[in-house]
Structure formats: structure tokens, C-alpha cells
Amino acid sequence: MSDAYTGGCACGAVRYEISGEPVFMNHCQCLDCQHQSGTGHGSYLTFGAEGVELTGDAAQWGKAGDSGNVKTRGFCPQCGSPVYLRFAAMPQIFTVHAASLDDPSRFKPQVATYHMRAQAWDRLDPELPAFAKMPPG
Ligand SMILES: [Zn+2]
Ligand SMILES: [Zn+2]
């Protein structure tokens, strides 16, 4: 077993500790992630929700994404850092922003999603499989 994945917001008011390994790691280039991140994509690790321990009170807001599913984004009300995402249709998973990890080098992106929305100036590793939307299955 590897060490728990720990992290949180920039000021430390919202923290998480996650046991278990990520089931999915991606860069998402959807328009929603662009607007939310302020740059060309969001970078995420997704875990099984059962291993997640959250501390601190994240503020939340929700919006239907490109897929039509409602995404709820948790951020720190104090420093504004985005910390996590939950999906109404998939309560069994919990997604964190890659650079919210205490050690962001643990993020090993596997794919790019919603590449159809990518900006010409947002070039990712060309070795990464890029999907127009989400990978099938
Ligand atoms: Zn904070
Ligand atoms: Zn996205």
C-alpha cells in the first residue's frame, strides 16, 4: 500500500486525506474546466469516494457540464482555491485538482478528455491519448 494522498487548498482551511490509488488521472480541456481554471484545462485525479476524509468547510457550486451531468465543485471560501469535484450521477467517485495535492508530482496523467474543446495555445504532451469527449466505457 502506498501513502495516502493528502492535500487541500492553498491556505490550509480545506484539507483531504484519501486512501487508495486513483482510478483515473486526466487533463480535461472542456470549456467549463477552462473557465473554472482560468487556463486551457483542469488536471484531476479521481478516487473511490469511500476512501476520502475531508476536513474544513468547502464552499460548493454546481453546474451541468458538456456531458449534461451536474458537477459540483468544492473550493475554499477563504483563499478561493479549487479543491474537489463531485458528480451527481456518480456519487461513488471523488475527484481532486492535481495541484491541490501536497505533492503534485504524484499526478501521472493518463489521457486528455474533451480535446474537441481544446484551445490552439493549450498544447499537452502529444504522447497522451486525447479523446474528443470522454474515453469510451
Ligand atoms: Zn483555503
Ligand atoms: Zn472539464
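The paragraphs below set out a description of the structure included in this document. In every chain, residue numbers begin from 1 and rise along the written sequence. Lettering for chains starts from A, numbering for ligands starts from 1, and both go in the order in which the items are written. Where totals are concerned, whole chains, interfaces and linings use all residues; where local detail is concerned, this predicted model gives features only for residues with pLDDT of at least 70, and gives and counts side-chain atom pairs only at 80 or more. Computation of side-chain values covers all heavy atoms of the structure but excludes hydrogens and water.

### Quick word on the sheet that holds strand S2 (residues 15-18)
Here is step 1: Strand order in the open sheet made by the 3 strands is S1-S2-S5, with antiparallel pairing throughout. Each end of this open sheet is capped by a strand with a single partner; those strands are strand S1 (5-8) and strand S5 (52-55). Shown here is a sheet whose adjacent strand axes are inclined to one another by a mean of 15°, direction ignored.
Here is step 2: With 4 bridges connecting them, S1 and S2 associate as antiparallel partners. Along S2, the bridge assignment pairs Tyr 5 with Ile 18. At least two bridges found by DSSP between two strands are what make those strands a pair. Secondary structure elements are defined from DSSP: runs of H or I of at least 4 residues count as helices, runs of E of at least 2 residues count as strands, and each element is numbered from the N terminus. Fitted lines through C-alpha atoms serve as axes, helices being fitted only where they are in contact, and the angles separating the N-to-C directions of these axes extend from 0 to 180 degrees.

### Digging into the coordination of the zinc ion (ligand 1)
Here is step 1: Within the protein, the atoms that donate to the zinc ion (ligand 1) are Cys 9 (SG), Cys 11 (SG), Cys 76 (SG) and Cys 79 (SG), at distances of 2.3 to 2.4 Å.
Here is step 2: For Na, K and Ca the donor cutoff is 3.2 Å, while for all other metals N, O and S atoms count as donors only within 2.8 Å; water does not appear among the atoms, so some sites may look incomplete. Every geometry call rests on angle ranges, with four donors termed tetrahedral when all angles are between 85 and 135 degrees, four termed square planar and six termed octahedral when opposite donors are over 155 degrees apart and all others are between 65 and 115, and everything else termed irregular. Bound by 4 donor atoms, the zinc ion (ligand 1) shows angles of 105 to 114° at the metal and therefore tetrahedral coordination geometry.
Here is step 3: Spacing between the donor residues of the zinc ion (ligand 1) along the chain follows C-x1-C-x64-C-x2-C. Note that Cys 11 is positioned in the loop between S1 and S2 and Cys 79 in the loop between strand S7 (70-75) and strand S8 (82-87), a separation of 68 residues in sequence.

### Digging into unusual backbone geometry
Here is step 1: The phi angle at Tyr 114 is positive, at roughly 50°, despite the residue not being glycine.
Here is step 2: Of note, Tyr 114 is situated in the segment after strand S10 (111-113).

### With respect to the coordination of the zinc ion (ligand 2)
Here is step 1: Summarising the metal site, the zinc ion (ligand 2) is bound by the protein donors Cys 28 (SG), Cys 30 (SG) and Cys 33 (SG), whose distances to it range over 2.2 to 2.3 Å.
Here is step 2: Each donor residue of the zinc ion (ligand 2) belongs to the same chain, with the gaps between them written as C-x1-C-x2-C.

### Here we look at the nonpolar core
Here is step 1: Residues enter a nonpolar core if they are buried and are Ala, Val, Leu, Ile, Met, Phe, Trp, Tyr or Cys, with the set joined through side-chain atoms within 4.5 Å. Throughout, exposure labels follow a simple rule: accessible area from a 1.4 Å probe, protein chains only, divided by the maximum for the residue type, with under 20% read as buried, over 50% as exposed, and the rest as partly exposed. Of all hydrophobic cores here, the largest spans 18 residues; its most connected members are Ile 18, Leu 45, Phe 94 and Val 96.
Here is step 2: Breaking this core down by element, the ones donating at least two residues are S2, strand S4 (42-48), S8 and strand S9 (90-97).
Here is step 3: Not counting chain neighbours up to four residues away, the residues in contact with Leu 45 comprise Tyr 5, Pro 22, Phe 24, Met 25, Phe 94, Thr 95, Val 96, Ala 98, Leu 101, Arg 106 and Phe 107.
Here is step 4: Counting 8 residues, the second largest nonpolar core, distinct from the first, contains Cys 28, Cys 33, Tyr 44 and Leu 85. Contacts: residue pairs with any heavy atoms within 4.5 Å of one another.

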